[in-house]
Amino acid sequence: MSRLTLALCLLTTAATAQVPTVSYARPEATFEEPFTSLRGVREMADGRVMVSDFRDKTVQVIDLRTGTAVAVGREGRGPGEWSLPVALWPQPDGQTLLQDLGNMRYLLIGADGKPIRAIAPPRPSGGQSQGISLLPMMIDLRGTDAQGRLYFQGSLPSGEAGPDSVPILRWDLKERVDTAGWVPVNREGRRQVTRINNSITVRGANRAWPSEVQWATAGDGRVAMAHPAPYRVNWVGSAGARVGPTVPYTPIRVTDAEKKAYRSAMTRSTPIMITLGGPGGGAGARSNAAQRMPGEDPEWPETMPPFTGRDAIMVTPEGEAWIRRTGQGAEPIPSYDVFDGTGKLVRQVTLRPRSRVAGFGHGTVYLVRLDEDDLQYLERYRR
């Protein structure tokens, strides 16, 4: 071990020793019926939980106390129906917004779990094509605030040259779309946009563990930005930015074990192919069952960043930012760094193997745990 590596390890140990570590090992409640691809978890005011499964195409309200489930709406293209359910986002008065990629719109659901109305993304203006306008509004929704406004990340142009940052777009679900801030981007890890005739197809860049700034929103409208190098969390709002202190970490070197784990995760994932425009001006999305070509490897970095992926950061109702850390080996222990509203690291959380955080309630955290068959189970813990 070099002197530099030893110094980094000592710095990391000293920094992490100053914050408490919490382990979630015994759930308060578990839903016994498995899911296949749980994408949305939304705690309701009465303690029940609304969930959406992308692969099974289900939206349900489940009661963890009784183990019962009630369907929300149904699959279709009608006013109160959905086609490809993804995330669930909180709205005022206990309502919920379902992100429906199949119909390229949102479905507003009441506090009673019944659909209210469909909401289409804002129409293009200023000469923008409909496809480009719809893209960030449907695929890069990152959060909502207490007023019900939606926050998106804008997209980069498909050419090699372009800006080094993209806007954070904010939409009030009516006519107004404004810019809430800017986020720096790494063009090497950007999405790839391909236009063929009148169709636009979007897919992720084939790079393992991209090192990019990720962000999420709090209820008061502030944005938590997680920076990988140096590792820190900054909060941005109308009053300006609060830059959090740097958190030392030792980069994990990518070995065959990490590559094997990455390939396994990609095999289990369900890529989404989105086509906008096309004959007749339609729009839609579908899951890509073909997955990637066998043997097709991504571009491997030498080391992993402290976190990766747009789902690496989540914000609790109380305004804490949880960052999912990258792990070492084939079955890393899931761990999260928790930052307060000033960007200070206040504690670390470890989970049971093959678990991830799926959502938060008031004083609760919901985890998804995979069994040996990769079936997913929803668990609730007290924070």
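Quick look at the structure, then. Since we're looking at a predicted model, the values are computed, not measured. (Residues numbered from 1 in each chain as written. Predicted model: local features only at pLDDT ≥ 70, side-chain atom pairs only at ≥ 80, totals over all residues. Heavy atoms only, no water.)

1. Description of the sheet that holds strand S14 (residues 177-184)
Strand order in this open sheet of four strands is S11-S12-S13-S14, and the pairing throughout is antiparallel. Whereas interior strands pair on both sides, the edge strands pair on one side only; in this sheet they are strand S11 (141-144) and S14. On average, adjacent strands in this sheet sit at an angle of 25° to one another, irrespective of strand direction. With seven bridges joining them, strand S13 (residues 165-171) and S14 adopt antiparallel strand pairing. Within S14, the position partnered with Ile168 by the bridge is Gly181. (Pairing = 2+ DSSP bridges. Helix = DSSP H or I, 4+ residues; strand = E, 2+ residues; numbered from the N terminus. Axes fitted to C-alpha atoms, helices over the stretch in contact; angles between N-to-C directions.)

2. Looking at the sheet that holds strand S17 (residues 214-217)
Spatial strand order, S17-S18-S19-S20: four strands in an open sheet with antiparallel pairing. One side of each edge strand has no neighbouring strand; the edge strands of this open sheet are S17 and strand S20 (240-243). For this sheet, the mean angle separating the axes of adjacent strands, direction not counted, is 20°. Across six bridges, the pairing between strand S18 (residues 223-228) and strand S19 (residues 231-237) is antiparallel.

3. What to know about the packing of aromatic side chains
Here the structure, examined in full by the defined rule, presents 12 aromatic pairs. With 6.2 Å between their ring centres and 50° between their planes, Tyr106 and Trp171 make a pair best called tilted. Here Trp171 lies in strand S13 and Tyr106 lies in strand S9 (residues 105-109), a separation of 65 residues in the sequence. Across the pair, exposure class does not vary: Tyr106 and Trp171 are buried alike. Through a chain of ring-to-ring contacts, three or more aromatic side chains come together here, namely Tyr231, Tyr249, Phe307 and Phe339. Seen from the ring of Phe54, Arg39 lies directly overhead, with NZ or CZ sitting 4.5 Å from the centre. Residue placement shows Arg222 over the ring face of Trp235; its charged tip is 4.3 Å from the ring centre. (Phe/Tyr/Trp six-rings, centres within 6.5 Å; stacked < 30°, edge-to-face > 60°. Buried < 20%, exposed > 50% of the residue type's maximum accessible area, 1.4 Å probe, protein only. Lys NZ or Arg CZ within 6 Å of the ring centre and 35° of its normal.)

4. Points about the environment of Ser23
When you line up the elements, Ser23 lands in strand S1 (residues 21-24). Side chain to side chain, Ser23 and Thr350 meet in a polar contact 2.9 Å long. (Polar contact = N/O pair within 3.5 Å; in protein donor to acceptor, adjacent residues only side chain to side chain.)

5. Looking at the environment of Gly329
With respect to the helices, strands and loops of the structure, Gly329 is situated in the loop between strand S26 (321-324) and strand S27 (335-339). The class of Gly329 is buried, set by a relative accessible area of 18%. Expressed as a C-alpha distance, the spacing of Gly329 and Ala257, which sit 72 residues apart in the sequence, is 5.2 Å. Among all residues touching Gly329, those that are not within four sequence positions of it are Ala257, Glu258 and Ala261. (Contact = heavy atoms within 4.5 Å.)

6. A word on the side chain of Asp53
Checked against the element boundaries, Asp53 lands in strand S4 (residues 49-53). We note that Asp53 is buried and unpaired, the nearest opposite charge coming from Arg55 at a distance of 6.8 Å. The residues touching Asp53, leaving out its near neighbours within four places in the chain, are Phe35, Thr36, Ser37, Leu38, Thr58 and Pro85. (Lys, Arg positive; Asp, Glu negative; His and termini not counted. Salt bridge = Lys/Arg side-chain N within 4 Å of Asp/Glu carboxyl O.)

7. Quick look at the environment of Arg382
Considering the arrangement of structural elements, one finds Arg382 in strand S31 (residues 376-382). Counting along the chain gives 354 residues from Arg382 to Glu28, while the straight-line C-alpha distance between them is 7.0 Å. A polar contact of 2.9 Å, which involves the side chain of Arg382, links it to the side chain of Glu28.

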